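Fold and geometry: a report
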Amino acid sequence: GFDKFGYNREGFNKDGFDRDGFDKDGYDREGYNREGFNRSGFNRNGFNKEGFSADSKDVDGFDRNGFNEEGFDRDGYDRFGYDRNGYDKDGFDKFGFNKEGFDRDGFDRQGFNKNGYDREGFNRAGCNKEGLNREGKICNSNITDRVFNSEGFDQYGYDIAGFNRE
């Protein structure tokens, strides 16, 4: 039998639901339990308790590894740490060069810094700032940059007009 409110001794109405609207298995008429999840484990918005949808995406479209469909994380970097333009968080590409073409140590792809000198201090012509080549001999002044000191003489001992100190 049923009481005056329409519930039997077990607390269910003729349709099999309790006073809160749940069946014997704990699901409401729409198929959701008291925590708001269906038999498959998803809530009304389509997400499970961990916050992922049936296709393993969270509410913002990121998968369990934190990447969206395009392969980028919330900060805009791919699985290898590069952004859409191919640069890492420090601004260097997969070859180690920044947008200006210099590596982390300040050298370009040919091995020269922004002043035109390599790691050993020689320019493209093979001369150092003192005007000497790798053998220690004076370089041809046409292939090296002349650097003038405060007295007006270059690294070879000549002034801008081409006269030496004597």
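Attention here is on the structure that accompanies the text.

1. Quick notes on the overall build of the chain
Within the chain one finds zero helices and zero strands. On C-alpha atoms alone, the chain measures out to a radius of gyration of 38 Å, which is more than a quarter above the 15 Å that the 2.2 N^0.38 rule sets for 166 residues. For the chain, the spread of C-alpha atoms along the three principal axes comes to 125 × 25 × 20 Å. Relative to all contacts within the chain whose residues are 6 or more apart in sequence, the contacts with residues 24 or more apart total 2%. Accessible area of the chain: about 12100 Å², with a carbon and sulfur share of 45%. Considering the chain, the positive charge centre built from 28 side chains and the negative charge centre built from 37 side chains are found 6 Å apart.

2. Description of the packing of aromatic side chains
On inspection of all chains with the given rule, the structure shows zero aromatic pairs. Note that Lys24 overlies the ring of Phe12, its terminal NZ or CZ placed 5.8 Å from the centroid. Its guanidinium or amino end placed over the ring of Phe72, Arg84 lies 4.4 Å from that ring's centre, counting from NZ or CZ.

3. Here's the deal with the environment of Arg109
Take Arg109: its relative accessible area is 48%, and that puts it in the partly exposed class. Separated by 13 residues in the primary sequence, Arg109 and Gly96 have C-alpha atoms spaced 9.5 Å apart. Apart from the residues within four sequence positions on either side, Arg109 is in contact with Asp93, Phe97 and Gly101. Polar contacts involving the side chain of Arg109 include one to the side chain of Asp93, which spans 3.1 Å.

4. Overview of the state of the cysteines
Counted according to the given criterion, the structure contains one disulfide. Each sulfur of the disulfide joining Cys127 and Cys139 lies 1.9 Å from the other. The sign of the -120° torsion about the S-S bond sets the Cys127-Cys139 disulfide as left-handed. In terms of burial, Cys127 and Cys139 fall into one category: buried.

5. Notes on the pattern of salt bridges
Going through the model one piece at a time under the given rule, you end up with 21 salt bridges. Measuring nitrogen to oxygen at the nearest pair gives 2.9 Å for the salt bridge that ties Asp28 to Arg44. By relative accessible area, which is 18% here, Asp28 ends up buried. The salt bridge partner of Lys49 is Glu35, with a shortest N-O separation of 2.8 Å. Note on Glu35: relative accessible area 55%, which makes it exposed.

6. Concerning the side chain of Asn13
Note on Asn13: relative accessible area 16%, which makes it buried. For Asn13, the side chain forms a polar contact with the main-chain nitrogen of Asp15, separated by 2.9 Å. The residues touching Asn13, leaving out its near neighbours within four places in the chain, are Phe2, Gly6, Tyr7 and Arg29.

The rules behind each value
Residues numbered from 1 in each chain as written. Predicted model: local features only at pLDDT ≥ 70, side-chain atom pairs only at ≥ 80, totals over all residues. Heavy atoms only, no water. Helix = DSSP H or I, 4+ residues; strand = E, 2+ residues; numbered from the N terminus. Rg over C-alpha atoms; globule rule 2.2 N^0.38 Å. Contact = heavy atoms within 4.5 Å. Areas by Shrake-Rupley, 256 points an atom, 1.4 Å probe, with all protein chains shown as cover. Lys, Arg positive; Asp, Glu negative; His and termini not counted. Charge placed at Lys NZ, Arg CZ, Asp CG, Glu CD. Phe/Tyr/Trp six-rings, centres within 6.5 Å; stacked < 30°, edge-to-face > 60°. Lys NZ or Arg CZ within 6 Å of the ring centre and 35° of its normal. Buried < 20%, exposed > 50% of the residue type's maximum accessible area, 1.4 Å probe, protein only. Polar contact = N/O pair within 3.5 Å; in protein donor to acceptor, adjacent residues only side chain to side chain. Disulfide = S-S within 2.5 Å. Salt bridge = Lys/Arg side-chain N within 4 Å of Asp/Glu carboxyl O.

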